[in-house]
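A look at the structure
So the chains spell out like this:
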Amino acid sequence: MSRPYCAVLTLTALMLLPAIAAAQPAIEPLRTSTGTVDFGVRLTSITGDEARNQRYRDLRNGPTIDRARYNRDEGAWVLNAGADHAGYRDQRYFAEYVRAGKLKVNVLWDQIPQFNSAVTLTPFTNPSPGVFRIDDALQRGVEAGTLKLSDVAATATQFDLRSKRSIGLVDLVYTAAPHLDLTLNVKSTQRKGEQQWGIGFGFSNQFEVPTPLDHRTTDVGSALEWANSRGLLRVGYDGSFFNNNVDQLVVDNPLRFTDTTSATSQGRMALWPSSHSNMVNSAGSIKFAGRSQATGYVSVGTWSQNEPVIPFTINPAISPIPLARPTAEVEARVTAMNYVVSSHPWNEVSLSARFKRYDFDNRTPHFAVTNYVRTDQSVVTSLLGGTEPLGYVRDNFDADASFTPRAVPYTAFRVGYAREEIDRTHRYVEVTRENTIRAAVDLAGNQYVSLRAGFEHSERTGTGLDEQVLDEINEQASLRQFDISNRNRNRVSTILQVTPIQQLGLSATIATGSDHRPDAAFGLQHLDNRTYAFGFDYVPREGTSMGLTYGYEDYKSKQMSRQASPGIQFTDPTRNWFTNGADRVNNVNGNADLLTLIPKIELRFGYDFSRSRARYDYVLTQDTTLAAVTQLPAVLNELHHGAMDARYLLRKDVSIGLVYWYDRYKVEDFALDATALPKIDVNTGSILLGNPYLPYTFHTVSLRLNYLW
Amino acid sequence: MPTRFSAILVFLGCLGMFTPATARAGAPPKLPRIGPVPTHQQAAQAAPALPSGYVGADTCVTCHDSEGKSLSHTEHGRAANPRTPMAGMGCESCHGPGKAHVDADGDITKIRVFPKMAARDVTQVCLTCHVKSEHVNWQGSAHETRNLSCITCHSVHSPKSEVAQLKKTTQIELCATCHRPQVLKVQRTAHMPVREGKMECTSCHNPHGSTNQRLLKVGNYINESCISCHTEKRGPFLFEHPPGRESCVTCHDPHGSSNERLLVAKLPMLCQRCHIGTNHPSTIYDGAQLKNVSIRIVGRSCVACHENIHGSNSPSGNAFHR
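Computed from a predicted model, the values in this text were never measured in an experiment.

1. Comments concerning the overall build of chain A
- Helix and strand content of chain A: 4 helices and 32 strands.
- With the principal axes as the frame, chain A shows a C-alpha extent of 85 × 70 × 60 Å.
- Taken across its 709 residues, chain A has 50% of its residues classed as buried.
- In chain A, the proportion of contacts linking residues at least 24 apart, taken out of those at least 6 apart, comes to 63%.
- Accessible area for chain A stands at about 31200 Å²; split by element, carbon and sulfur atoms hold 59% of it.
- Taking the average place of the 72 positive charges on the side chains of chain A and the average place of its 75 negative ones, the gap between the two points comes to 5 Å.

2. With respect to the overall build of chain B
- Each helix and strand counted, chain B has 16 helices and 2 strands in total.
- Counting every position in chain B, which comprises 322 residues, the buried fraction comes to 51%.
- Nonlocal contacts in chain B, meaning residues at least 24 apart in sequence, comprise 43% of its contacts between residues at least 6 apart.

3. A look at a nonpolar patch on the surface
- Nonpolar side chains collect at one region of the surface, where Val280, Val298, Val300, Tyr339, Phe355, Phe397, Tyr417 and Ile437 of chain A lie side by side and expose about 610 Å² of accessible area between them.
- As for its position among the elements, Ile437 of chain A is in strand 22 (residues 431-443).

4. As for a negative patch on the surface
- Taken together, the side chains of Asp423, Glu430, Asp466, Asp471 and Glu472 of chain A make up a negatively charged region of the molecular surface.
- Note on placement: Asp423 of chain A falls in strand 21 (residues 411-424).

5. Digging into the side chain of Gln272 of chain B
- With respect to the helices, strands and loops of the structure, Gln272 of chain B is situated in the loop between helix 15 (242-246) and helix 16 (287-291).
- Accessibility expressed as a relative area gives 3% for Gln272 of chain B, which makes it buried.
- Leave out the neighbours within four places in its chain, and Gln272 of chain B touches Gln559 and Trp577 of chain A together with His280, Pro281, Ser282, Thr283 and Tyr285 of chain B.

6. Things to note about the sheet that holds strand 12 (residues 248-252) of chain A
Residues and elements named next belong to chain A.
- Strand order in the open sheet formed by 4 strands is 6-7-12-13, with mixed pairing between adjacent strands. The open sheet terminates on both sides in strands that have one partner only, identified here as strand 6 (125-128) and strand 13 (266-270). Here the strands of the sheet are splayed against their neighbours by 20° on average, with no regard to which way each runs.
- When strand 7 (residues 131-133) meets strand 12, the two strands line up parallel, connected through 2 bridges. Each residue of the ladder has a partner; that of Phe132, found in strand 12, is Val251.

7. What to know about helix 2 (residues 136-144) of chain A
Residues and elements named next belong to chain A.
- Those residues of helix 2 that fall on the buried side of the exposure criterion are Leu138, Gln139, Gly141 and Val142. For helix 2, the angular spread of the buried residues around the axis is 165°, confining them to a single face.
- The secondary structure elements touched by the buried residues of helix 2 are helix 3 (149-153) and strand 12.
- At the C-terminal side of helix 2, Gly145 shows a positive phi close to 90°.

8. Some thoughts on the confidence of the model for chain B
Residue and element names in this part refer to chain B.
- Here chain B shows a mean pLDDT of 85. Residues at 70 or above account for 85%.
- Within chain B, the lowest mean pLDDT, 34, falls on helix 2 (residues 21-25), and the highest, 97, falls on strand 2 (residues 311-312).
- Here residues 14-46 scores under 50 on pLDDT; set against residues more than four positions off or in separate chains, the count is 42 contacts.

9. Here's the deal with the packing of aromatic side chains
- Considering all chains together, one arrives at 14 aromatic pairs over all chains under this definition.
- Geometrically, the ring pair formed by Tyr696 of chain A and Phe698 of chain A is edge-to-face, given 5.4 Å between the ring centres and 80° between the ring planes. Comparing Tyr696 of chain A with Phe698 of chain A shows no difference in burial state: the two are buried.
- Cluster of aromatic residues (ring-pair linked, three or more members): Trp303, Tyr358, Phe360 and Tyr392 of chain A together with Tyr221 of chain B.

10. Brief notes about the interface of chain A and chain B
- Each partner contributes residues to the interface: chain A has 209 residues there, and chain B has 134 residues.
- A per-residue breakdown of the area chain A buries against chain B is headed by Tyr56, Trp303 and Phe482 of chain A, which together make up 5% of the total.
- Inspection of the region where chain A meets chain B yields 14 salt bridges.
- Note that Arg188 of chain B is salt-bridged to Glu553 of chain A, the shortest N-O span being 2.7 Å.
- Linking chain A to chain B there are 60 residue pairs in polar contact (both at pLDDT 80 or more).
- Examining the composition of the side of chain A that touches chain B, we find that 9 residues originate from one element, strand 27 (residues 544-562) of chain A, more than from any other.
- Taken together, the residues of the side of chain A that touches chain B sort by class into 100 nonpolar, 68 polar and 41 charged.

11. Concerning unusual backbone geometry
- With an omega of -5°, the peptide bond between Gly235 of chain B and Pro236 of chain B qualifies as cis.
- You can see Pro236 of chain B is positioned in the loop between helix 14 (222-226) and strand 1 (239-240).
- Residue Arg67 of chain A is not a glycine yet carries a positive backbone phi of 50°.
- By the secondary structure assignment, Arg67 of chain A is in strand 2 (residues 62-73).
- The backbone phi angle of Asp105 of chain B is positive, close to 55°, even though this residue is not glycine.
- As for its placement among the helices and strands, Asp105 of chain B is situated in the loop between helix 7 (99-103) and helix 8 (119-126).

12. A closer look at the nonpolar core
- The biggest cluster of nonpolar side chains holds 37 residues, and the ones touching the most others in it are Tyr618, Leu632 and Phe670 of chain A together with Leu270 and Ile297 of chain B.
- Top element by residues in this core is strand 29 (residues 601-620) of chain A. It accounts for 3 residues.
- Judged by nonpolar contacts, the second largest core, of 25 residues, contains Ala156, Phe201, Leu249 and Leu255 of chain A.

13. Some remarks on the pairing of strand 17 (residues 349-362) of chain A
- One ladder, built from 13 bridges, connects strand 16 (residues 330-346) of chain A with strand 17 of chain A; its direction is antiparallel. Within strand 17 of chain A, the position partnered with Asn338 of chain A by the bridge is Lys356 of chain A.

14. Quick look at the confidence of the model for chain A
Residues and elements named next belong to chain A.
- Per-residue pLDDT for chain A has a mean of 92; in total, 95% of the residues score no lower than 70.
- At the level of individual helices and strands, chain A shows its lowest average pLDDT in helix 1 (residues 3-22), which scores 41, and its highest in strand 7, which scores 98.
- Note on residues 1-33: pLDDT is under 50 here. Beyond four places in sequence and across chains, it has 45 contacts.

15. Some thoughts on helix 5 (residues 65-72) of chain B
Residue and element names in this part refer to chain B.
- Burial in helix 5 covers these residues: Gly68, Ser70 and Leu71. Viewed along the axis of helix 5, the buried residues span an arc of 165°, placing them on a single side of the element. In helix 5, the exposed positions angled more than 90 degrees off the buried face are occupied by Ser66 and Lys69.
- The inward-facing, buried residues of helix 5 abut helix 4 (57-63).

16. Structural notes on the side chain of Asp608 of chain A
- Residue placement: Asp608 of chain A occurs in strand 29.
- Although Asp608 of chain A is buried, it forms no salt bridge, and the closest oppositely charged side chain is Arg195 of chain B at an N-O distance of 7.7 Å.
- A polar atom in the side chain of Asp608 of chain A sits 2.6 Å from the side chain of Asn589 of chain A.
- If sequence neighbours within four positions are ignored, Asp608 of chain A has contacts with Val588, Asn589, Leu639, His640 and His641 of chain A together with Gln187 of chain B.

Cut-offs used in this document
- Residues numbered from 1 in each chain as written.
- Chains lettered and ligands numbered in written order.
- Predicted model: local features only at pLDDT ≥ 70, side-chain atom pairs only at ≥ 80, totals over all residues.
- Heavy atoms only, no water.
- Helix = DSSP H or I, 4+ residues; strand = E, 2+ residues; numbered from the N terminus.
- Buried < 20%, exposed > 50% of the residue type's maximum accessible area, 1.4 Å probe, protein only.
- Contact = heavy atoms within 4.5 Å.
- Areas by Shrake-Rupley, 256 points an atom, 1.4 Å probe, with all protein chains shown as cover.
- Lys, Arg positive; Asp, Glu negative; His and termini not counted.
- Charge placed at Lys NZ, Arg CZ, Asp CG, Glu CD.
- Patch = residues over 30% accessible without salt bridge, like charges linked within 9 Å, V, L, I, M, F, W, Y side chains within 5 Å.
- Salt bridge = Lys/Arg side-chain N within 4 Å of Asp/Glu carboxyl O.
- Pairing = 2+ DSSP bridges.
- Axes fitted to C-alpha atoms, helices over the stretch in contact; angles between N-to-C directions.
- Arc of directions from axis to C-beta.
- pLDDT = per-residue confidence, 0-100.
- Phe/Tyr/Trp six-rings, centres within 6.5 Å; stacked < 30°, edge-to-face > 60°.
- Buried area = accessible area lost by both parts, 1.4 Å probe.
- Polar contact = N/O pair within 3.5 Å; in protein donor to acceptor, adjacent residues only side chain to side chain.
- Nonpolar A, V, L, I, M, F, W, Y, C, P; charged D, E, K, R; others polar.
- Core = buried A, V, L, I, M, F, W, Y, C linked by side-chain atoms within 4.5 Å.

Rendered as structure tokens:
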């Protein structure tokens, strides 16, 4: 163990010694304390992928301060503060100050790491943010044919592919008067690190680089809210400001050193533009006779970005194409409304209705493009003549009626109707309307049985279909894109909980769904899912509990396509093919808490298992003229997580503990595992980052000392 | 941000500052007092006379001592806050006048017993105080129309969670009671950082109701919720990818997925649900293509080239290559 860690542990023990030594060693039951903290040390053994199990956390070896909580209660005010994983990449600190009836302040600092890979390789150098270069000699050699791409790959160096999201938040609620609150919140989120990113130089030449992430989002919100038991009035503002410090990517083409009108030595890509959103909102609600309430909400504002538009190409051999304008001038006016009326006029009857509108009014001027440059290598005529500023208005109406008959207490029968209408621009189906009817029964409040069951049937149809648009972009005219296609949907769900005796609870969940797209000659046609879960919880006495749940999920899909080159093949039905997708998942979750079985010892056990197996099987028509297909292997993901937490109470305010975590992941993925990506130059024309999905086994042991005061 | 070593030292220093003097001196720590419950005599002497039908909290705790003690450790028992029940009529703020219940030797039909009340009647009581901010949209919300009440999820007298007085220790355990399919997805290989403790259900949802779809708590539409964290995808962009602009969940499953990047299906099959045109979009990427290491099935597949799939600000970005 390193010297700093020894010093920390020694210091810790010295600080605690007076408190522990001076406390009375009386035998008393545990009492509420005003603070707790775990001091400990963690050791982690890793076999295989170091990154995936630490995707969003930091399990490195070393001393730990965790689950620290401090509470100071002076009646008129309260301070709560805490820290988790102090000093590690996933550390989190928070504090809350509440002055009763007057002020509430929350402060948070939270770091969310993202560890994607510890085995990433790249031959690119990174002389400045967003710029990736290959040695000129290598580029010349590959272009001349004296070197291969594998020679470029051989110069790769290894690095960790990581990023981190750091969030700072201040949230304040000030009660200016008994019914009047002023709220203010400011959140700053910084994201730094690198992300896997691809750039292409032709149909068979793709390269990946670790594109830099260096951006910050600042969200500011404020509101004035007046509320009492009869009504509420609120006005507010929400602003969001996204600033990206690296908004362009320039990448050398490893295959070329010289530029021509059909080949480039480098490529340039636009990354996320800095943008901002400003919205003002107002809300009100009022209660009136018949236990009724009406609520209204309106929000208006704009989303905009006006970043400089990069040139069509970085390739100097291609004559510059004039830009329609130098900056993006992108703006959307966003209006949202939400109105709800609910009433409980009689004890047995409850009614509610809601109308909601979301208007994304994209006012971006058309950016004309006659010709553009594909992958910095060839000038191509634009099929659509430029940008299409997509906008839509989405209206939702919901109405529900619930009946609770006196003869059947604690049971509610509900019927409902919903309608969604979306009117959109720049898509080949202009308007879609979906009508939904639903029914449900909810039996709750009975100590033995609880049942919730529901059924929903929806039908979506579109109008304004313009097949010519599909023709213009060389798509099959009978393609129906699944998010706007006609669709019939059915969903059934049932949740049953039975408590035959007070100590035992049994539960069962069954949910099924079916989507059918009747007019989709091409595209997604069917999507079905089923979920079953069964479990029990057993609590024989206070401090002892155990539970086990098994879940099974089954997803099936069917989609159709036609493999064709332009010309006669495009209309040849013997070239049709189907994809049958199937994804089956088995889950097991178990837990046991034995807190009083052995005096002074608390034991907790947990186990989670998830295994998914997916297949994508291709089916040809009976009169097919296509070559026989070779089916893809199944995709398997299997995760085991076991946990044991043991705590021994040395005294009422001091305990020692041992925590053990076992994590094992197994993967077979034909596209992403180590057999698919054995090396970074996966073929003669591409270099990737070499971060396949890898299995891992983690053993994590934590020893800890818990102190309460 | 500080290194691990310096962060630990700083925290230890703060710990030393806040450790109460009583602990260092050796006196046994005291139980925190969250609003004193007056004795019967004190109430009689100090408080104004109770309205007709009310008996006062001190009378209630003579029989319901454990409920009184449990309440004193929660916000509802904080008499210093004028908005709490304890600052008003005490137990009877929620349970109603108690005199009839006392006079009838504890007849439970003479007082509000929440587990035995109809769901909407329970909620009406809670909503007399919980009327602001995140509770504004309860009436007519998805949970309310399914006959859930406040005590379906919350416990006033015996909460198990650290915050929000839930009936289970953690949010996900509670939500799994009804939303098992969504909770199971958290265990998938591609997931939000829920099981790592960095997010929970209410990071995205407001179970009390919202102006958004699916009880999403931020914004007014699904996309606004997603871009509250993934703001780089807000745009808008010169070239939009329409299904993404209309809804993020066209392609992604936010609860978890076995596919990369929380996609609802593997690439290229997902893209081939909408792109059927000639040449490479409609090619069958089968085992033979896999053996030839076609980059359109191996690795990141379609987005290896069409990387700006959420939208592009480049004038050459109509196919999201640039």
